[in-house]
Amino acid sequence: MAYDRNNIFARILRGEIPAKRIYEDSYALAFHDINPQAKTHALVIPKGAYLSMADFAANASEAEIAGLFRAVGKVATMLGLEDSGYRILANHGPDSHQEVPHLHIHIFGGQKLGRMIQPA
Ligand code: AMP
């Protein structure tokens, strides 16, 4: 599957669609999820055009990979979640229910999050 440069997160990166932005640097952009699944639910995306974790892990530079994960840690701290705790999650492909074909790391927190995943 080729990267669709008109996916919704690509459009947010280009500033064509508004988002409640939290943090931005040369490698990553973070914003609040439009349909939060926890009291705090943020998304951190790489600035590069990567479909998913598989694409990113295989093709991103080491600086891009470090930049994204440093941004995730920074954003969680900025959101006040470091002491209370948080969960990060990235969906890849159909079984995971990935909806947007641009890699995104979810950050959930601000409440007790329960066990890791719903039973099938
Ligand atoms: P996933 O199922 O992992 O692909 O997650 C996609 C996430 O993107 C969902 O949690 C959506 O609520 C969120 N989302 C979709 N459109 C927007 C948007 N315009 N701004 C912020 N979050 C969005």
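All figures in this text were calculated on a predicted structure; none of them were measured in a lab.

**Q** I'd like a rundown of the overall build of the protein chain, residues and numbers included.
**A** Helix and strand counts for the protein chain come out as three helices and five strands. Traced from its N-terminal end to its C-terminal end, the protein chain shows the element sequence α-β-β-β-α-α-β-β. For the protein chain, the C-alpha radius of gyration of 14 Å lies close to 14 Å, the compact-globule estimate for 120 residues. When the backbone C-alpha atoms are referred to their principal axes, the protein chain occupies close to 35 × 35 × 30 Å. Of all 120 residues assigned to the protein chain, the portion counted as buried reaches 38%. Summarising the internal contacts of the protein chain: among those between residues at least 6 apart in sequence, 55% fall at separations of at least 24. Accessible surface, the protein chain: about 7,500 Å² in total, of which carbon and sulfur atoms supply 53%. Here the protein chain contributes 12 positive and 12 negative side-chain charges, whose respective centroids are spaced 7 Å apart.

**Q** Quick one: what's the story with the site of the ligand, residue by residue and with numbers?
**A** Close to the ligand lie 17 residues; Asp33, Asn91, Glu99, His104 and His106 are nearest. A distance of 2.5 Å is found between an oxygen atom of the ligand and a side-chain nitrogen or oxygen belonging to Asp33. Between the ligand and Asn91 there is a distance of 2.8 Å, counted from an oxygen atom to a side-chain nitrogen or oxygen. Against a free-state accessible area of 500 Å², the protein chains account for coverage of 87% of the ligand. Within the residue set of the shell around the ligand, elements represented by two or more residues are α1 (8-13), β2 (28-32) and β3 (40-46). At three residues, the largest contribution of residues to the shell around the ligand is made by α1. Split by residue class, the shell around the ligand holds seven nonpolar, eight polar and two charged.

**Q** Could you give an account of the sheet that holds strand β4 (residues 86-89), with specific residues and numbers?
**A** A sheet is described by the order of its strands in space; here five strands give the open sequence β1-β2-β3-β5-β4, paired in antiparallel fashion. The two strands at the open ends of the sheet, each matched to only one other strand, are β1 (21-24) and β4. Strand-to-strand twist of the sheet, defined as the mean angle between neighbouring strand axes without regard to direction, takes the value 20°. Across five bridges, the pairing between β2 and β3 is antiparallel. By the bridge assignment, His32 is partnered in β3 with Ala42.

**Q** Residue-level account of the packing of aromatic side chains, with values.
**A** Counting across every chain of the model gives two aromatic pairs. Taking the centre distance of 5.4 Å and the plane angle of 70° together, the rings of Phe9 and Phe31 count as edge-to-face. You can see Phe9 sitting in helix α1 and its partner Phe31 sitting in strand β2, a full 22 residues away along the chain. Side by side, Phe9 and Phe31 carry an identical accessibility label, which is buried. Residues Tyr50 and Phe56 carry aromatic rings whose centres are separated by 5.2 Å and whose planes lie at 75° to one another, so their mutual orientation is edge-to-face. There is no split in this pair, since Tyr50 and Phe56 are both buried.

**Q** Please give an account of the nonpolar core that cites residues and values.
**A** As a rule of thumb, nonpolar side chains are buried together in soluble globular proteins. Membership of the largest hydrophobic core comes to 18 residues, with the highest contact counts inside it found for Val44, Leu68, Val75 and Ile107. Those elements giving two or more residues to this core turn out to be β1, β2, β3, α3 (62-78) and β5 (105-109). The element best represented in this core is α3, accounting for five residues. Setting aside anything within four residues of it in sequence, one finds Leu68 in contact with Tyr27, Ala28, Val44, Ile45, Pro46, Phe56, Leu103 and Ile105. By size, the runner-up hydrophobic cluster in this structure holds seven residues, among which are Phe9, Ile12, Phe31 and Ile45.

About the cut-offs
Residues numbered from 1 in each chain as written. Predicted model: local features only at pLDDT ≥ 70, side-chain atom pairs only at ≥ 80, totals over all residues. Heavy atoms only, no water. Helix = DSSP H or I, 4+ residues; strand = E, 2+ residues; numbered from the N terminus. Rg over C-alpha atoms; globule rule 2.2 N^0.38 Å. Buried < 20%, exposed > 50% of the residue type's maximum accessible area, 1.4 Å probe, protein only. Contact = heavy atoms within 4.5 Å. Areas by Shrake-Rupley, 256 points an atom, 1.4 Å probe, with all protein chains shown as cover. Lys, Arg positive; Asp, Glu negative; His and termini not counted. Charge placed at Lys NZ, Arg CZ, Asp CG, Glu CD. Near = heavy atom within 4 Å. Polar contact = N/O pair within 3.5 Å; in protein donor to acceptor, adjacent residues only side chain to side chain. Nonpolar A, V, L, I, M, F, W, Y, C, P; charged D, E, K, R; others polar. Pairing = 2+ DSSP bridges. Axes fitted to C-alpha atoms, helices over the stretch in contact; angles between N-to-C directions. Phe/Tyr/Trp six-rings, centres within 6.5 Å; stacked < 30°, edge-to-face > 60°. Core = buried A, V, L, I, M, F, W, Y, C linked by side-chain atoms within 4.5 Å.

These results come straight from atomic positions and should not be treated as a statement about function.
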